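Listed below are the residues making up each chain.
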Amino acid sequence: RDKGELNQVEMEIAGHTQKFPLEPAGQIDPLPYLPDVLARGVALRDLPGTASGTLGLVGGGALEFQLLNDPNPRPGSATLIGFGGSEDWQKMRPLRLALGETGAGSVAPEWNDAERVLTVFLPKAAQSVVPLSSYMMPDDLKLMGVWQWIREHIDTLSTQQTDGDFLKDGADVDRVAHILQRAVEGGHWMINPPRLLTMVHAVQQPIGRPEFCAITVQHQPYGDPSQYPFDETRNPSPEVLQTTPEKRPTAETELAAVTAWRRPRAVDAYLMGGLRVHAASTDKVDIFAEWTDPVDDPSKPRVAAEPNSEAHAAQVDEVPIRSLNEGFISVKEGSANQRAVAYFDRDHDLLCFVRKGDSLGNLLSPDMSVGSKEIWQDAAPRHHLNDTRHHRIWYHAVATTRFRDYFPPDQEGGFTRTSEPILVDVPASTRPNLPQIAYVVPTFGWQRQTETNLKRSVRFGGGLRVYLERPWFSSGEGEMLGVALYVLDGKPIDNEAWKSLVTQWGGDPIWKTDALFLTVPQLSNFAGHTALEEGVSLEAPAPGRVHVVGYPVAFDEISQLWYADLTINTNSLTYAPFVRLALARYQPHAIPDAKLSRVVTADFAQLTPSRAATVTVDPYHPRRLRVTVSGVAPTGPAPVIHGTQPNNPAKQPTVVSVTVQERTPGISTDLGWHDAAPGTAVVVDQTKATPPLPKLIRWSGTVEFPQAVEAGRYRLLIREHEYLSANHLAIDQPGSAGTQHPSNPGRLIYAEVMEIDAALIGGPPAPTGTTLED
């Protein structure tokens, strides 16, 4: 028996074959070797599910834990189980230790006396280190030399130190008692040295999926809030991480669980927010990214049908969870490139991605004594993008189990769990490039209602289309054309300092018309924009800040140019004012001082006036049509009229004419229309001498057909020409037609057609295939 051994098996570990003791039976009875005569049983300390200050003993076949009857109990727990009740020390019976699964709660160990099995329960992913030793009877201690040395040392302390140092209030008043208690429990390492058992409830995958979430955090202001209490992002330090300011326009993901922060001109971004994980079962978390960037290569023709974007995917960073202790998590530890990637909040099982100067929690003061957690370094995953542009990126987290080595490498199902993706706007970190303006042309929009016997058409003026050279997207996705506007502060405008930086306007000196209400256009004068921002910084040196309205750009495949459509409302009765636009590339999703490029001024452009035309049928004369045209017009100077009424000045320098046109049968396009023969209809000008508002043109008249009209055969062509009296252009006014015809051509400023169809005059419908647009 002195040579007896446990059953041995060969196992391959890390490529090497080794022997290990492994008994196939549930019990070992009797032992193959001689036991230690003084080892009376097993002593296990701090088993999972046991309370501190307790002692577990087997009595009546069951394991019971009782609190130590001591005002100064030793910490932790002890579980003592004897090697059988036989008096023959050679026939002591061993026991088997087994692990059982339990839920999240704590379950005390259980003892099966018949099978001599001690079952310890561990939740999933739990680990516990338990000291294992034997214990001896108290009477056996006197056989141990170490015990004698301990006893002698305690005797010396008791006789030589009698000043009460061991009895201080609030201290661990009697450590000697703890030593004695552990000695009789087999827990003194000098008498019964332990072997450490590591109990593991391994899980193949982390428990639960990682989840991005918002955290409560107080961010340090970018700049000096005492100097700029209305906007703390002004003059931010280039050393601190920044994000898109929380003001219009707000990013769709501004209130997302995770936001991206950058330093000026940086090619990387840091993710701020939270990630819930089950740290006990997670060894590491990898952050991955997928995104698509718009591409505009000016060396190639841009075609809408072809892909004009580029897909990207990358591993962003790794967050290792080496321990469950609260604090910073770093990578590349011990090297010059060491950096923190997260702060682990143990109380909430939460990875906090934060920046230097933040305070976790809802406390403004980073006072550690009241529970706030001050962050003294940047601790966030870093995404190296290798550019400074704005991106919209989908991030997802992949958590890997802490227990991968406990399973075969080809285990079905894998060892990871993946979070739901989250969309993050990564702001641009540097200003966009200067825009290259090709040209600016006036535009207008139409609103027509022609389905009833009251036909109305409105042409909205005030539009400008700005054509831009390629390429675009210098600052990434979402780059707009921005219009820079002066910030009215009640002080006189320094035109010399601002003339190349802000949009300006003025009336056309040729015409007598209303003055513009404001000296410079403001935000309220621009419509149709998708972004608006106040107080945006300009590239230094600059005399101040500007307001910006942003317009999206579209691409014209024919001209191979980008363009943006602007709408300007002067809010005054000013005829055809001139506007000189101050334009810049505008990136709404950028850090505070990276939103606007340098400003460039466009050529002067003139705004087209709005016009409204109405055609209806006189209810008492079905062949008589009433026509009105209205809109802003100049009041002078007027041209001189020659003809039947020489030297009679015209009402105003713009003249409206109405012409009846007839369709050529068989031609459905505009080429099928021609002026109707004389006598087909009579156009009578009934405009009053004084319109309701002197600055509004109001032409009104009638078109009367002497005979019944076939629906769809005729249409009205309404035109307005502008005449420059400075060149003394003359207008003849023949009495037969009742209209004014220029002897010298003027500038056409308005044209519209109204079809005389069945909806207007009744009768049979127009021939198939013909429409007002045709």
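Residues numbered from 1 in each chain as written. Predicted model: local features only at pLDDT ≥ 70, side-chain atom pairs only at ≥ 80, totals over all residues. Heavy atoms only, no water.

**Side note on the overall build of the chain**
Threshold: Helix numbering and strand numbering both begin at the N terminus, where a helix is a DSSP run of H or I of at least 4 residues and a strand a DSSP run of E of at least 2. Categorising residues by exposure relies on relative accessible area from a 1.4 Å probe, with only protein chains included: less than 20% of the type maximum marks a residue as buried, more than 50% marks it as exposed, and the intermediate range marks it as partly exposed. Residues are treated as being in contact if the distance between any of their heavy atoms lies within 4.5 Å. Accessible surface area values rest on a Shrake-Rupley calculation with a 1.4 Å probe, where residue burial reflects the displayed protein chains alone.
A count of helices and strands for the chain gives four helices and 51 strands. By the burial criterion, 44% of the 774 residues in the chain qualify as buried. Excluding contacts between residues fewer than 6 apart, the proportion of contacts in the chain whose partners are at least 24 apart in sequence is 68%. Accessible surface, the chain as shown: approximately 40200 Å² in total, 52% of it carbon and sulfur.

**Focus on the pattern of salt bridges**
Put simply, the test is: Salt bridges are counted wherever a side-chain nitrogen of Lys or Arg sits within 4 Å of a carboxyl oxygen of Asp or Glu.
Using the criterion set out here, one finds 32 salt bridges in the structure. Ionic pairing is found between D286 and K284, a salt bridge with its closest N-O pair at 3.6 Å. Among the salt bridges present, the one from E755 reaches R663, with a minimum N-O distance of 3.5 Å. Of this pair, E755 sits in strand β51 (residues 747–756) while R663 sits in strand β44 (residues 654–663), placing them 92 residues apart in sequence. Considered together, E755 and R663 belong to a single accessibility category, that of buried residues.

**Topic: the environment of P123**
Tracing the backbone shows P123 in strand β9 (residues 117–123). Judged by relative accessible area, which is 22%, P123 ranks as partly exposed. Each C-alpha atom, one on P123 and one on T102, is 5.0 Å from the other, the two residues being 21 residues apart in sequence.

**Description of the sheet that holds strand β29 (residues 480–485)**
Counted only if it meets this: Strand pairing requires that DSSP identify at least two bridges connecting the strands.
Pairing is antiparallel in the open sheet, where five strands are placed in the order β32-β33-β29-β37-β38. Of all strands in the sheet, those with a lone pairing partner are β32 (531–536) and β38 (600–601), marking the two edges. Alignment of strand β37 (residues 582–586) against β38, held across two bridges, turns out to be antiparallel. Across the sheet, L583 pairs through a bridge with V600, a residue of β38.

**Thoughts on the layout of surface pockets**
Under the convention used in this document: Only protein atoms enter the calculation, which uses a 1 Å grid: trapped sets of points that fit a 1.4 Å probe without letting it out are cavities, open sets showing protein on both sides within 12 Å along at least five of seven lines are pockets, and any residue with an atom within 4 Å of a point is a lining residue. Grid points are joined across faces, edges and corners, and a volume is the space filled by probe spheres set on the points.
For the largest pocket, the calculated volume is near 1300 Å³. As for the largest pocket, its lining consists of 35 residues, and the residues nearest its centre are L6, Y33, P94, L95 and L132.

**Regarding the packing of aromatic side chains**
Each aromatic ring pair is summarised here by two numbers: the centre-to-centre distance and the angle between the ring planes. Put simply, the test is: Whether two aromatic rings pair depends on their centres lying within 6.5 Å, for rings of Phe, Tyr and Trp, where Trp uses its six-membered ring; planes under 30 degrees apart make the pair stacked, over 60 edge-to-face, and the rest tilted.
This structure, assessed with the given rule, holds 13 aromatic pairs. Arranged with centres 5.9 Å apart and planes meeting at 50 degrees, the rings of Y467 and Y563 form a pair that is tilted. Here the residue Y467 occupies a position in strand β28 (residues 454–468), and Y563 occupies one in strand β35 (residues 561–568), the gap between them amounting to 96 residues. Each member of the pair, Y467 together with Y563, is buried. Ring geometry for Y486 against W498: centres 5.3 Å apart, planes inclined by 85 degrees, an arrangement best described as edge-to-face. Of this pair, Y486 sits in the loop between β29 and α3 (495–498) while W498 is found in helix α3, placing the two residues 12 residues apart along the sequence. Using a relative accessible area of 5% as the deciding quantity, one classes Y486 as buried. Judged by relative accessible area, which is 8%, W498 ranks as buried. Through a chain of ring-to-ring contacts, three or more aromatic side chains come together here, namely F328, Y343 and W376.

**So, the side chain of T687**
Heads up, the rule is: Residues adjacent in sequence count toward polar contacts only when both atoms are side-chain atoms; beyond that, a polar contact is any pair of N or O atoms within 3.5 Å, and within protein one must be able to donate a hydrogen and the other to accept it.
Along the chain, T687 falls in the loop between β46 (682–685) and β47 (696–704). The class of T687 is buried, set by a relative accessible area of 19%. Reaching out from T687, the side chain makes a polar contact with the side chain of D685 at a distance of 2.6 Å.

**What about the sheet that holds strand β8 (residues 110–112)?**
Neighbouring strands of a sheet are bound in pairs by backbone hydrogen bonds; such pairs are parallel or else antiparallel. Filter applied, for reference: A fitted line through C-alpha atoms serves as each axis, taken over the contacting stretch for helices, and the angle formed by two N-to-C directions is quoted from 0 to 180°.
An order of β7-β9-β8 is seen for the three strands of this open sheet, with the pairing classed as mixed. Because the sheet does not close on itself, it has two edges, and the strands there are β7 (96–102) and β8. The sheet shows a mean angle of 30 degrees between the axes of neighbouring strands, direction not considered. Both β7 and β9 contribute to a ladder of seven bridges, which runs parallel. The residue bridging L97 from the neighbouring strand is L118, located in β9.

**Focus on unusual backbone geometry**
Cis geometry is adopted by the peptide bond preceding P471, which originates at R470 and carries an omega value of 0 degrees. Looking at the element boundaries, P471 is found in the loop between β28 and β29. The backbone phi angle of R116 is positive, close to 50 degrees, even though this residue is not glycine. Mapped onto the fold, R116 is located in the loop between β8 and β9. Phi at Q560 takes a positive value of approximately 55 degrees, unusual for a residue other than glycine.

**Quick word on the pairing of strand β2 (residues 16–21)**
Counting buried residues along β2, only zero of its six residues qualify, which leaves the element largely exposed. Two elements, strand β1 (residues 8–13) and β2, share six bridges in a ladder whose sense is antiparallel. Bridged to M11 within β2 is Q18. The hairpin formed by β1 and β2 contains two residues between the paired strands, and A14 there has a positive phi angle of roughly 55 degrees.

**Points about the nonpolar core**
So the rule is basically this: Only buried residues count toward a nonpolar core, which is a set of Ala, Val, Leu, Ile, Met, Phe, Trp, Tyr and Cys residues joined through side-chain atoms within 4.5 Å.
The biggest cluster of nonpolar side chains holds 37 residues, and the ones touching the most others in it are F212, L275, V285, I287, L351, Y395 and V426. Of the residues forming this core, the biggest block, five residues, is contributed by strand β15 (residues 268–276). Ignoring anything within four residues of it in the chain, the contact list for V285 reads L275, V277, D317, E318, V319, I321, L351, A397, V398 and A399.

**Re the packing of helix α1 (residues 145–160) against helix α2 (residues 175–184)**
Condition: By definition in this entry, angles of less than 35 degrees are roughly parallel, angles greater than 145 are roughly antiparallel, angles of 65 to 115 are roughly perpendicular, and the rest are oblique. It is the rotation of the near helix from the far one that decides the hand of a crossing: anticlockwise by less than a right angle makes it left-handed, clockwise makes it right-handed.
For the pair α1 and α2, the least separation of the axes is 12 Å and the interaxial angle reads 160 degrees. In terms of orientation, α1 lies roughly antiparallel with respect to α2. Judged by the twist between their axes, the crossing of α1 over α2 is left-handed. On α2, the residues touching W147, I150 and I154 of α1 are V176, I179, L180 and A183.

**A closer look at a nonpolar patch on the surface**
Our working definition: By definition, no residue in a patch forms a salt bridge, and every one has over 30% relative accessible area; like charges are joined within 9 Å, nonpolar side chains (Val, Leu, Ile, Met, Phe, Trp, Tyr) within 5 Å.
Taken together, M11, I13 and F20 make up a surface patch of nonpolar side chains, about 240 Å² in accessible area. Within the secondary structure, I13 sits in strand β1. A residue is classified by how much of its surface remains accessible, and I13, at 38% relative accessible area, is partly exposed.

**What about the confidence of the model for the chain?**
As a reminder of what qualifies: Per-residue confidence from the prediction method is given by pLDDT, with values spanning 0 to 100.
Of the residues in the chain, 88% reach a pLDDT of 70 or more, and the chain-wide mean stands at 87. Low pLDDT, under 50, characterises residues 733–742; the stretch is placed with 22 contacts to residues that sit more than four places away or in other chains.

**Observations regarding α1**
Inclusion rule: How far a helix is expected to stretch is found by multiplying one less than its residue total by 1.5 Å. To be clear, the arc concerns the directions from the helix axis to the C-beta atoms.
Here α1 spans 23 Å end to end across 16 residues, near enough to the 22 Å set by a 1.5 Å rise per residue. Within α1, the full set of buried residues consists of W147, I150 and I154. Along α1, the residues classed as buried sweep out an arc of 60 degrees about the axis, all on the same side. Facing away from the buried side of α1 by over 90 degrees, the exposed positions are W149, T159 and Q160.

**Describing the pairing of strand β24 (residues 391–401)**
When you tally the buried positions in β24, you get nine out of 11 residues, the bulk of the element. Sheet topology note: the strand β16 (residues 282–294)/β24 ladder contains nine bridges and is antiparallel. Considered in β24, the bridge of F288 is made with H396. By the bridge criterion, five bridges tie β24 to strand β26 (residues 422–426) in an arrangement that is antiparallel. The partner of I393 across the bridge, within β26, is V424. Taken together, the three bridges between β24 and strand β25 (residues 416–418) define a ladder with antiparallel strand orientation.

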